[in-house]
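Structural description and commentary
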Amino acid sequence: MPESRNGSAHTAASAQVPDPASRDRRHRLATLLADIVPGARTIRVSQREPGRTWPSPHARAYDVRGSLVTLNRTQGLTAARWVMRTHPEVNWSEAYDLDLATGVLRPAAGAYAIADGRC
């Protein structure tokens, strides 16, 4: 190993590479999104923006009561892109809900079924 000017050998610092599928990474994402969208409890993400015929990352936010939280274009695109990049295994032709309290991603169709009492 080459020595530095003061005579000591350089040592490489051990880097900790986070596991991409870890729960911690997804929880960090949920925490960051909660900071970006104050008051939101759930973010619904899809590849189809209503009113458009071409694919485009889209997000809507909902509070604890299920009321819509207003997002500006930057917040919506950022949230949608971050969630899609964190969950590349998901088929984004369907909408998914990210629970910001737990970091769990669920199909949005399941949320409708639970609200109707079917699950």
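Refer to the preceding data block for the structure.
I will try to describe carefully the structure that is included in this document. Please read these numbers as outputs of a predicted model, since none were measured by experiment. Residue numbers restart at each chain and count upward from 1, following the sequence in its written direction. With pLDDT at 70 or above as the cut-off, local features in this predicted model cover only qualifying residues; side-chain atom pairs require 80 or more to be listed or tallied, and sums for whole chains, interfaces and linings still use all residues. Excluding hydrogens and water, the side-chain figures rest on all heavy atoms present in the structure.

Topic: the pattern of salt bridges
Between Lys or Arg on one side and Asp or Glu on the other, a salt bridge is scored when a side-chain nitrogen of the former is within 4 Å of a carboxyl oxygen of the latter. As enumerated under the stated definition, the model contains 4 salt bridges in all. A salt bridge links Arg-26 to Glu-89; the shortest N-O distance between them is 3.6 Å. In this pair, Arg-26 sits in helix H1 (residues 23-36) while Glu-89 sits in the loop between helix H2 (73-86) and strand S4 (96-99), placing the two residues 63 residues apart along the sequence. Three exposure classes are used, based on accessible area relative to the maximum for each residue type with a 1.4 Å probe and protein chains only: buried under 20%, partly exposed in between, and exposed over 50%. Look at Arg-26 and you get partly exposed, because its relative accessible area is 21%. With relative accessibility at 54%, the residue Glu-89 sits in the exposed group. Residue Arg-44 pairs with Asp-97 through a salt bridge whose shortest N-O separation is 2.6 Å. Of the two residues, Arg-44 sits in strand S1 (residues 42-46) while Asp-97 sits in strand S4, which places them 53 residues apart along the sequence. Note on accessibility: Arg-44 and Asp-97 belong to one class, buried. Runs of H or I in DSSP of at least four residues are treated as helices and runs of E of at least two as strands, each being numbered from the N terminus.

Regarding the environment of Asp-35
Note that Asp-35 resides in helix H1. Along the sequence, Asp-35 and Leu-100 sit 65 residues apart, while their C-alpha atoms lie 9.9 Å from each other.

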